[in-house]
Amino acid sequence: LSTQIALRTIAEAMTIAATQRLDIEATELQAEYRPALTLGGAEGLEAEVYLYDTLAGGAGFTRRVEQFGIEILRQTLQRLEECPAECDESCYRCLRSFRNRFEHGLLDRKVGASLLRYLLDGTAPR
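These notes cover the structure that comes with them. This is a predicted model, so every value here is computed, not measured.

1. A few points about the overall build of the chain
- The secondary structure content of the chain amounts to five helices and two strands.
- On C-alpha atoms alone, the chain measures out to a radius of gyration of 14 Å, which is about the 14 Å that the 2.2 N^0.38 rule sets for 126 residues.
- With respect to the three principal axes, the spread of C-alpha positions in the chain is 40 × 40 × 30 Å.
- By residue count, 39% of the 126 residues in the chain fall in the buried class.
- For the chain, the computed accessible surface area is about 7,600 Å², with 50% contributed by carbon and sulfur atoms.
- In the chain, the 15 positive side-chain charges and the 19 negative ones have mean positions that sit 3 Å from each other.

2. A few points about the nonpolar core
- Among the nonpolar cores identified, the biggest contains 22 residues, and Leu22, Leu29, Val65, Leu80, Cys94, Leu95 and Leu116 are the most heavily contacted of them.
- Only α1 (2-22), α3 (61-68), α4 (70-81) and α5 (109-121) provide two or more residues apiece to this core.
- The element that contributes the greatest number of residues to this core is α1, accounting for six residues.
- Excluding anything up to four places from it in sequence, leucine 80 contacts Thr9, Ile10, Ala13, Leu95, Arg109, Gly112, Ala113 and Leu116.

3. Here's the deal with the packing of aromatic side chains
- Evaluated as defined, the whole model comprises one aromatic pair.
- Summarising the aromatic geometry, the rings of tyrosine 50 and tyrosine 52 are spaced 6.2 Å apart at their centres and angled 35° between planes, so their arrangement reads as tilted.
- When its relative accessible area of 33% is taken as the criterion, tyrosine 52 is described as partly exposed.
- Lying across the ring of tyrosine 50, arginine 34 places its NZ or CZ 4.6 Å from the centre.

About the cut-offs
- Residues numbered from 1 in each chain as written.
- Predicted model: local features only at pLDDT ≥ 70, side-chain atom pairs only at ≥ 80, totals over all residues.
- Heavy atoms only, no water.
- Helix = DSSP H or I, 4+ residues; strand = E, 2+ residues; numbered from the N terminus.
- Rg over C-alpha atoms; globule rule 2.2 N^0.38 Å.
- Buried < 20%, exposed > 50% of the residue type's maximum accessible area, 1.4 Å probe, protein only.
- Areas by Shrake-Rupley, 256 points an atom, 1.4 Å probe, with all protein chains shown as cover.
- Lys, Arg positive; Asp, Glu negative; His and termini not counted.
- Charge placed at Lys NZ, Arg CZ, Asp CG, Glu CD.
- Core = buried A, V, L, I, M, F, W, Y, C linked by side-chain atoms within 4.5 Å.
- Contact = heavy atoms within 4.5 Å.
- Phe/Tyr/Trp six-rings, centres within 6.5 Å; stacked < 30°, edge-to-face > 60°.
- Lys NZ or Arg CZ within 6 Å of the ring centre and 35° of its normal.

Structure, rendered in structure tokens:
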């Protein structure tokens, strides 16, 4: 469950970071996660978080996000670590929205930040 919470949280924060960086509507991009398409993914050891355009046929937003590279992940981590309301898990100021209302129980910015910090910097989760 903690892995599911971390991945869902990272996906939500990445969607917010990417749409803000591109200055587009929050509904025009979405992030999801799935087992990686590798042997490790088949064994439940690896996962991938991916972005996609929500418009039929795509609008090219994901290609634009790719140009920012690691910067989007750093902005995602910043969003997770620096909630304006300093909430414990998630709130409407950092991660929650009407769009993700059914997943509020799966959003924990500290768990997501811990995993993302490990992936970016090698800092072991606490």
